[in-house]
Amino acid sequence: MSGNMGMEALIPIVNKLQDAFTQLGVHMQLDLPQIAVVGGQSAGKSSVLENFVGRDFLPRGSGIVTRRPLILQLINHPNEYGEFLHKKGEKFTSFDEIRREIETDTDRVTGQNKGISNLPINLRVYSPNVLNLTLIDLPGLTKVPIGDQPADIEMQIRNMIMTYITKDSCLILAVSPANSDLANSDALKLAKDADPDGIRTIGVITKLDLMDDGTDARDVLENKLLPLRRGYVGVVNRSQKDIEGRKDIKAAIAAERKFFLAHPAYRHVADRMGTPYLQRVLNQQLTNHIRETLPSLRDKLQKQLLAMEKEVEQYKHFRPDDPSIKTKAMLQMIQQLQNDFERAIEGSGSTLINTNELSGGARINRLFHERFPYEIVRMEFDEKELRREIAFAIRNIHGIRVGLFTPDMAFDAIVKGQISRLKEPSLKCVDLVVQELTNVVRNCTLKMSRYPRLQEETERIITTHIREREQMVKENILLLNDCELAYMNTNHEDFIGFANAQQTSENTAKSGRKLGNQVIRKGYMSISNLGFMKGGSRDYWFVLTSESLSWFKDEEERDKKYMLMLDGLKIKDIEQGFMSRRHVFALYNPDQKNVYKDYKELQLGVETQDDMDSWKASFLRAGVYPEKVSDSTNGEEGAAEGSTSMDPQLERQVETIRNLVDSYMKIVTKTTRDLVPKTIMHLMINNTKDFIMGELLAHLYASGDQNAMMEESPEEARKREEMLRMYHACKEALKIIGDVSMATVSTPMPPPVKDDWLSTGQESPRIGQSGPPSPGGNMRRAPPPAVSRAPPPVPGGGRPAPAIPSRPTPAPPSRQGNPGGALPPPLVPSRPGGGTGGAGGFGGSGAAQRVQQAAVNAAAGAAVNAATNELFSSFGFKK
């Protein structure tokens, strides 16, 4: 596939760019423009497209031959063959076969009776002699339907063409035959609608060899008559006889060249005519497009080069076996680890802060102040179970005797049992903190991945230390619990004592949650047990106060949906569904009353486990406590139930002990909530931080061979080599872009022209026929109008200088001769070989015109000389 040498010259340039960017791993998208041919039937569109490619492959004939859009994708490839989208995998190596397949597939879709279809034929042509381009051969415009064509054939073809040529990346070749009325050219009208500024439109005039004798298209080709911004290119295509006689494209181009050189009207513009020139114009547009993409590619490369500069600088002189470099790297990484660990625990205002989720110290803080208090309350509060235990304790202490006084031993027994139950949430808090601390260490050592053995050893040493401290922390927490069990300090200032306990009613214990109706928490949750049609699938804005839970449509809190009072409610976890991503908990009434409308419980869903823990801790502050699953099924239920109908004296004793236990456990719980986080902080977190700061390096040196520990990972070695390769490839690509910029020339956009003739719809002369000249037509320009010049400044003598007379303008000729000595107007010489019938020409012999022109020039020269002599005289100079 050859014949377009300009395109072949562009291929090495594009290939060099592609190769440079492929080495970089950067996607280079040149997006070369599409080229579409537009015109009437039998205007020669397919021939123009074939000539640009340089091979015969399109169906030819009279009438409407192109009846479906042909999208031809040219793809640069070492082998030459064609492939149709409707016949994937089948390769066509003969262009005659490609033509026959186009005809066959056209008939298959549109029939054999001149029908049309907007279903395109997609053809890919692979060749080493083409650029990656898309060419579009479109059906010609027709006005009268024939055969199987629909009545609105003109509108259908117009809409089909517009879908392709309205794209900004499409160059439009507006093909018009020379033997038709150009002002009524359908191709130019369509191009004007799709490209009002004329930036993408190139006019192509075909069939110049078929014009009537004595006519020519010189004014059009010189862009004087009916001008376009990018002008016109004339071409001479092969005739149907030449095609049927298998005339070669190269021979046709040679004949075309001979035609332009031999024709008297075109020989002076022969270098700007013909298929080779049209190829050069289109190839120059491709070159312009490539050059326009180079600045953005250069900017992208320069940014990438700058980003790599710092990292490459340390790689340039890097020697993996140098022990000093290894020692320096180890010290830098340990120092980095120390800083990262401290920032993760203590918090930081760094720009690298995590904005997606809680991490490090923030998560530990949540464990201390939300999760741990919730676990304590969950273990502590079960009113029914506690009263049953108190009743059993009092009865067992009295034994067979009837007790007159409330036994203090019952208080000791119940309180010790309650204090012992605080061990579980305290130890669980330690486990959660250890887990979080281990995650912090793992994240901090990720930056050591360049040296995997160092990373592994560092993580092992720190994790081992944390486990050792974990054991010590648990022992101290158990010691705190044992201390609480060892001595009941009933003289504590916050303890109510026996006298006050007997006077305190049952509801006094609950008054602690009455905080006034203050807002505790706000946020989005969904109601999981509502149906889809009732709004269960969406999130609502919830507002939790100390007395109620309200929810609104959104955070503006205008459209209130409901307000739920919290009195008597409890909270429980709901097992997560198989397909559900949300964490769900529920509010319910232990007395099996409806909570919300007809629902026994209100199920609330949140996105994460952290959100659920935080909401449950907030409900604790509002006095909504979790359920307690009772496991007492040992046959004592009768006694437990009987406790509600016990004798009044025992009931008063149970109430007294209950108030005493509640008062004392508030003191113990408060102490535990305060001391457990402090113990963990002192014995584990701060100690681990001190260990990393002061002892980690010594443990690393004592653990083994430092050279082996500082062996670089294969991934890091590959990364370093890749970085250096990318750096050099980036520099090479910048050099290639510079070379391409130097090797190619960009042509500026032609200035706008007055092309309102396309939109006025007025009748215009047919190419080569006489008629009124259009603006910028083929007439010689008239002499310029007279320009008056201002007189020079007054010289010292005070006498004004005379005005310089303007060049005399010839008066129009008179039938009465030449009165007043007026000069006759110059005659514009006629076109060679033309008479009065030429396009806009005037009659007269060439000799008479030359005599008249000489007279005009002589008169103008004399007038200028006279004015100059007078000016010199006024200043006192002699010439």
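**Student:** Could you give an account of the sheet that holds strand β5 (residues 133-137), naming the residues involved and the relevant values?
**Tutor:** Strand order in this open sheet of eight strands is β3-β4-β2-β5-β1-β6-β7-β8, and the pairing throughout is mixed. Whereas interior strands pair on both sides, the edge strands pair on one side only; in this sheet they are β3 (81-84) and β8 (232-234). Direction aside, the axes of adjacent strands within the sheet are offset by 25° on average. Bridge analysis of strand β2 (residues 70-76) against strand β4 (residues 121-127) gives seven bridges, and the strand direction is parallel. Residue pairing for β4: Ile75 is matched across the bridge by Tyr126.

**Student:** Can you lay out helix α14 (residues 423-444) for me, pointing to particular residues and giving the numbers?
**Tutor:** Owing to its 3.6 residues per turn, the α-helix brings residues three or four apart onto one side. Helix length check: α14, at 22 residues, gives a terminal C-alpha distance of 32 Å against a target of 32 Å (1.5 Å per residue), a fit within 8%. All of the buried residues along α14 are Pro425, Ser426, Cys429, Val430, Val433, Val434, Glu436, Leu437, Thr438, Val440, Val441 and Cys444.

**Student:** Describe in detail the sheet that holds strand β14 (residues 583-588), supporting the description with residues and values.
**Tutor:** One open sheet holds the seven strands; their spatial order is β12-β11-β10-β9-β15-β14-β13, and the pairing between them is antiparallel. The open sheet has two free edges, formed respectively by β12 (560-565) and β13 (570-574), since each of these has just one partner strand. Put simply, the sheet's adjacent strands are angled 35° from each other on average, direction ignored. Pairing of strand β10 (residues 539-545) with strand β11 (residues 548-552) involves four bridges; the strand directions are antiparallel. Its bridge partner being in β11, Trp541 is matched across the sheet by Phe552. Helix α17 (residues 609-621) contacts β9 (519-527), β10, β11, β13, β14 and β15 (601-606) of the sheet and is inclined by roughly 135° relative to β9.

**Student:** I'd like a rundown of unusual backbone geometry, residues and numbers included.
**Tutor:** For Lys207, which is not glycine, the phi dihedral falls at a positive 60°. With respect to the helices, strands and loops of the structure, Lys207 is situated in the loop between β7 (201-206) and α6 (218-221). The class for Lys207 is partly exposed, based on a relative accessible area of 27%. Backbone geometry at Lys597 places phi at a positive 55°, although glycine is not the residue there. Within the secondary structure, Lys597 is located in the loop between β14 and β15.

**Student:** Lay out the environment of Ile685 in plain terms, naming residues and giving numbers.
**Tutor:** Within the secondary structure, Ile685 sits in helix α19 (residues 648-694). With a relative accessible area of 1%, Ile685 lands in the buried category. For the pair Ile685 and Arg469, spaced 216 residues apart in sequence, the C-alpha separation works out to 8.9 Å. Dropping the residues within four chain positions of it, Ile685 is found in contact with Ile345, Ile364, Phe368, Val433, Leu437 and Ile680.

What counts and how
- Residues numbered from 1 in each chain as written.
- Predicted model: local features only at pLDDT ≥ 70, side-chain atom pairs only at ≥ 80, totals over all residues.
- Heavy atoms only, no water.
- Pairing = 2+ DSSP bridges.
- Helix = DSSP H or I, 4+ residues; strand = E, 2+ residues; numbered from the N terminus.
- Axes fitted to C-alpha atoms, helices over the stretch in contact; angles between N-to-C directions.
- Expected span 1.5 Å × (residues − 1).
- Buried < 20%, exposed > 50% of the residue type's maximum accessible area, 1.4 Å probe, protein only.
- Contact = heavy atoms within 4.5 Å.

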